[in-house]
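# Observations on chain architecture
Residue-level listing of the chains:
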2 protein chains.
Amino acid sequence: MTVTIRDVAKLAGVAPSTVSRVIANNPRISDSTKKKVRQAMDYLGYHPNINARSLAARSTQALGLVMPSSANKAFQNPFFPEVIRGISTKAHEKGFALYISTGMNEEEIFDGVVEMVQGRRVDGIILLSTSMDDKIVEYLYVSHFPFTVVGKPYKYEDKISHVDNDNYRAAGELTKHLIDLGHERIAFIGGSLNLVMTTDRLLGYEKALRNAEIPFREDYIFHEEFLKEGGSGAVEALMALEEPPTAFVVMDDLMALGVLGTLSEKGVSVPDDVSVVSFNNVMLAELSTPPLTSVDINIFQLGYKAADCLLDSIENENKPPERIIIPHKIINRMSSAPYKKK
Amino acid sequence: MTVTIRDVAKLAGVAPSTVSRVIANNPRISDSTKKKVRQAMDYLGYHPNINARSLAARSTQALGLVMPSSANKAFQNPFFPEVIRGISTKAHEKGFALYISTGMNEEEIFDGVVEMVQGRRVDGIILLSTSMDDKIVEYLYVSHFPFTVVGKPYKYEDKISHVDNDNYRAAGELTKHLIDLGHERIAFIGGSLNLVMTTDRLLGYEKALRNAEIPFREDYIFHEEFLKEGGSGAVEALMALEEPPTAFVVMDDLMALGVLGTLSEKGVSVPDDVSVVSFNNVMLAELSTPPLTSVDINIFQLGYKAADCLLDSIENENKPPERIIIPHKIINRMSSAPYKKK
DNA sequence: ATGAAAGCGCTAACAC
DNA sequence: GTGTTAGCGCTTTCAT
């Protein structure tokens, strides 16, 4: 039923290995036989069986993607489709397929990764999120299996290839943007401290304050589970302070959307009363009311480069680990405005 | 280097075939040897090579997902992570993995599907979007390859398993919701007419108007490329009419977010001046300002059932095609309110 | 209840 | 430049 390499070989009057070489476009095959073989392939509607190929060649031509727990709200973040788009674009260029592993909890995800690696389902892995004390990173690292992380790994930072933004600088610039607008009471609403990204951004924020000689206030800092409640708890608490902030630095556009909502409910106007700025610059940053000033972290590029880097280290086993920093850019929109004294 | 079934067999003092049977948990193997073999597996850290298994058993334990063109803005819609979460949950239950095929354009995507099918990379395919005159549907259908579509196929509607909402009814109810609030000038902002979903919803909208004896107005109907501009063009045009609508039925939450933005720019207040309702009820419907009245189409379930149905037809080749309708529910939020005469 | 052996469809030495 | 052959690691008759 299935047409195999032998059928093609027979029809073309050559040996199976020759057909195999034609598939691989081996230069040592004469053009005339190539043509002959290709005709036979077309005629028979031949398609290589990938499993057989993988088995024999010990390579799958597939990359594994590890997403955060699907129980996690983060899963719904438009960040993911966009990184995947980047990864997919690069993978496609090199003829690689994507294999996606998910799971309801940390453990399931971990098992999925082990299965991918040991089961030889993929040639390399991209971690789309990582946190402190990540068992997957540990496992992959000691296994010497090719992998790249999107974001900054907590451990082995310079032993693991990763592609990240300069979150420290980005947060600094974003905070400075507010300071330049005259704001001094600037709150920070972050995600889980468990994420390295959060820490980096918090440090950048602190640095910007220090540079401007604005005292750091512990009560202006909030860490909320990403997206849960959309940061409304933080906003409530912050606005109830004796000296409420006049500007908010928010970790993520989706969260900022929630912040915008809560503020509006409380009758606080953005940007007239307070400014709100955030990170990621996903599509909704543009669509929200008011449109959000947001740091474009170039998500597509994050994914594209991660795939690129991974593919390199699959090709060349001894490629040293690499840190790739994707440039960011503050996109100025309506949600931030000069501080107005009341 | 790699530990194979033979290593396990040797250590356990049995034949390779026995080990294979233990993996498959064949009931004809005595408990004592099972135990013995499993110990050996653990001891050696054995993991079956999936490619070898797939090759021999002619089954990959993987499902293929086909997304819309990644050049397409639709790709960024939070709809996708959520369907995938549903699919992944079911797939996981049955020990299936997910392959994702993407591509920059229709053609690349089509080729990817062919490769998945002919290359035996997957046992079945789920189409996450389909349009009229879909070549992929055609191909899969004539190949007799197991597949399911999320949404309604344009052709072969009752010969292809698919899971969908009752978009006709949902749109009807949503429109009626507005009519019940006293609205009569109700606009419809849809996506590409190329999507079957759009047509279904438009028909439902028309039906609701008819039932209420409200005349259908051509100039209240707009079809915009999903998300492009976020429907702002439509809003501009509609509000410039002599008799502008007092309510908007929008195809999608993201688009509705854009509509909200454009209205706010024009100084039109929601829901005081006009009401806006939409579909999908993704997270941002709740986070937007004002929170959106939206039809919860149960995206997770859409994916979960699609996987379920596909897995069934993989197991049982003769399973007749099935249409599965996922229930919807209007979630009432702040963006819709009674019509106020001016 | 278990073993022996023949593939699954392909690649990659090694020949010539 | 092309053919022969031996696997890749597993499943699955067919024996016993």
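Predicted, not measured: the structure shown is a model, and the values here were computed from it.

Counting secondary structure elements, chain A contains 13 helices and 12 strands. Considering only C-alpha atoms, chain A reaches an extent of 90 × 40 × 35 Å along its principal axes. Residue burial in chain A is summarised as follows: out of 342 residues, 56% are buried. Looking at chain A alone, contacts between residues at least 24 apart form 69% of all its contacts between residues at least 6 apart. As displayed, chain A offers around 15000 Å² of accessible surface, 50% of which is attributable to carbon and sulfur atoms. Charge-centre separation for chain A: the mean point of 37 positive side chains lies 10 Å from the mean point of 44 negative side chains.

Here we come to the side chain of H183 of chain B. Residue and element names in this part refer to chain B. By the secondary structure assignment, H183 is in the loop between helix 8 (167-180) and strand 6 (186-190). You can call H183 buried: its relative accessible area is 2%. Within the local environment of H183, its side chain forms a polar contact with the side chain of S275, the two groups lying 3.2 Å apart. Of note is the side chain of H183, whose polar atom sits 2.9 Å from the backbone oxygen of A337. When near neighbours in sequence (up to four residues on either side) are disregarded, H183 contacts L178, I214, T246, A247, S275, A337, P338 and Y339.

Lining the immediate environment of DNA strand D, one finds 26 residues, of which T18 and R21 of chain A together with I5, S20 and Y46 of chain B sit closest. Here, DNA strand D places atoms within 4 Å of the protein, and 62% of those atoms are sugar or phosphate. One of the backbone N or O atoms of R28 of chain A is found 3.1 Å from a sugar or linking oxygen in DNA strand D. Here I5 of chain B contributes a backbone N or O atom positioned 2.5 Å from a phosphate oxygen of DNA strand D. For the surface near DNA strand D, the secondary-structure elements that each account for two or more residues are helix 2 (16-23) and helix 4 (50-57) of chain A together with helix 2 (16-23) and helix 4 (50-57) of chain B. Per element, the largest residue contribution to the surface near DNA strand D is four residues, and it comes from helix 4 of chain B. Residue composition of the surface near DNA strand D, grouped by class: 11 nonpolar, 10 polar and five charged.

A cluster of nonpolar side chains, L11, Y43 and L44 of chain A, forms an exposed patch at the surface whose accessible area comes to about 330 Å². A relative accessible area of 46% means that L11 of chain A is categorised as partly exposed.

Turning our eyes to something else, we now look at the relation of the copies chain A and chain B. Each copy superposes on the other: chain A lies on chain B with an RMSD of 0.1 Å after a rotation of 180° and an axial shift of 0.0 Å. Taken together, the rotation and translation describe the operation of a two-fold axis. Taken together, the interface assignments show that 100% of the residues at the interface of chain A recur at the interface of chain B, consistent with an identical surface on both copies.

Right, let's talk about the pattern of salt bridges for a bit. According to the stated counting rule, one finds 30 salt bridges over all chains in the structure shown. Two residues, E157 of chain A and R323 of chain A, come together in a salt bridge whose shortest N-O distance is 2.1 Å. Of this pair, E157 of chain A sits in the loop between strand 4 (147-150) and strand 5 (162-165) while R323 of chain A is found in strand 11 (residues 323-326), placing the two residues 166 residues apart along the sequence. With relative accessibility at 29%, the residue E157 of chain A sits in the partly exposed group. Exposure remark for R323 of chain A: the relative accessible area of 44% places this residue in the partly exposed category. The salt bridge partner of D219 of chain B is R217 of chain B, with a shortest N-O separation of 3.0 Å. Using a relative accessible area of 33% as the deciding quantity, one classes D219 of chain B as partly exposed.

Moving on, we get to helix 4 of chain B. Buried within helix 4 of chain B we find I50, N51 and S54 of chain B. Buried residues of helix 4 of chain B, viewed axially, fall in a sector of 100°; they line one side. Those residues of helix 4 of chain B that are buried lie in contact with helix 4 and helix 6 (106-118) of chain A. Of the residues flanking the start of helix 4 of chain B, the one acting as N-cap is N49 of chain B, its side-chain oxygen 2.8 Å from the backbone nitrogen of N51 of chain B.

Here we come to the protein's contact with DNA strand C. Taken together, 26 residues surround DNA strand C, and among them I5, S20 and Y46 of chain A together with T18 and R21 of chain B come closest. The contact atoms of DNA strand C, taken as those within 4 Å of the protein, divide so that sugar and phosphate hold 69%. The separation between a base nitrogen of DNA strand C and a polar side-chain atom of S17 of chain B is 3.3 Å. With respect to DNA strand C, the side chain of R21 of chain B contributes an N or O atom lying 2.3 Å from a base oxygen. Elements represented by at least two residues in the surface near DNA strand C include exactly helix 2 and helix 4 of chain A together with helix 2 and helix 4 of chain B. Of the residues forming the surface near DNA strand C, the biggest block, four residues, is contributed by helix 4 of chain A.

Here we take up the interface of chain A and chain B. It is common to give the size of an interface as the accessible area that goes away when the parts come together. Taken together, the 53 residues of chain A in the interface contact 53 residues of chain B. The tally of links between chain A and chain B comes to zero salt bridges. Along the contact surface separating chain A from chain B lie 13 residue pairs in polar contact (both at pLDDT 80 or more). Going through the elements one at a time, helix 4, helix 5 (79-93), strand 2 (97-101), helix 6, helix 11 (253-265) and helix 12 (283-287) of chain A are the ones with two or more residues in the side of chain A that touches chain B. At seven residues, the largest contribution of residues to the side of chain A that touches chain B is made by helix 5 of chain A.

Below, the discussion takes up the UniProt feature "domain: HTH lacI-type" (unreviewed entry) in chain A. Taking the numbering used here, the UniProt-annotated feature "domain: HTH lacI-type" (unreviewed entry) corresponds to residues 3-57 of chain A. Secondary structure within residues 3-57 of chain A divides into 69% helix and 0% strand; the distance between the first and last C-alpha atoms comes to 20 Å.

The rules behind these values
- Residues numbered from 1 in each chain as written.
- Chains lettered and ligands numbered in written order.
- Predicted model: local features only at pLDDT ≥ 70, side-chain atom pairs only at ≥ 80, totals over all residues.
- Heavy atoms only, no water.
- Helix = DSSP H or I, 4+ residues; strand = E, 2+ residues; numbered from the N terminus.
- Buried < 20%, exposed > 50% of the residue type's maximum accessible area, 1.4 Å probe, protein only.
- Contact = heavy atoms within 4.5 Å.
- Areas by Shrake-Rupley, 256 points an atom, 1.4 Å probe, with all protein chains shown as cover.
- Lys, Arg positive; Asp, Glu negative; His and termini not counted.
- Charge placed at Lys NZ, Arg CZ, Asp CG, Glu CD.
- Polar contact = N/O pair within 3.5 Å; in protein donor to acceptor, adjacent residues only side chain to side chain.
- Near = heavy atom within 4 Å.
- Nonpolar A, V, L, I, M, F, W, Y, C, P; charged D, E, K, R; others polar.
- Patch = residues over 30% accessible without salt bridge, like charges linked within 9 Å, V, L, I, M, F, W, Y side chains within 5 Å.
- Salt bridge = Lys/Arg side-chain N within 4 Å of Asp/Glu carboxyl O.
- Least-squares fit on C-alpha atoms with pLDDT ≥ 70 in both.
- Arc of directions from axis to C-beta.
- UniProt positions renumbered as here; feature names shortened; annotations may be inferred.

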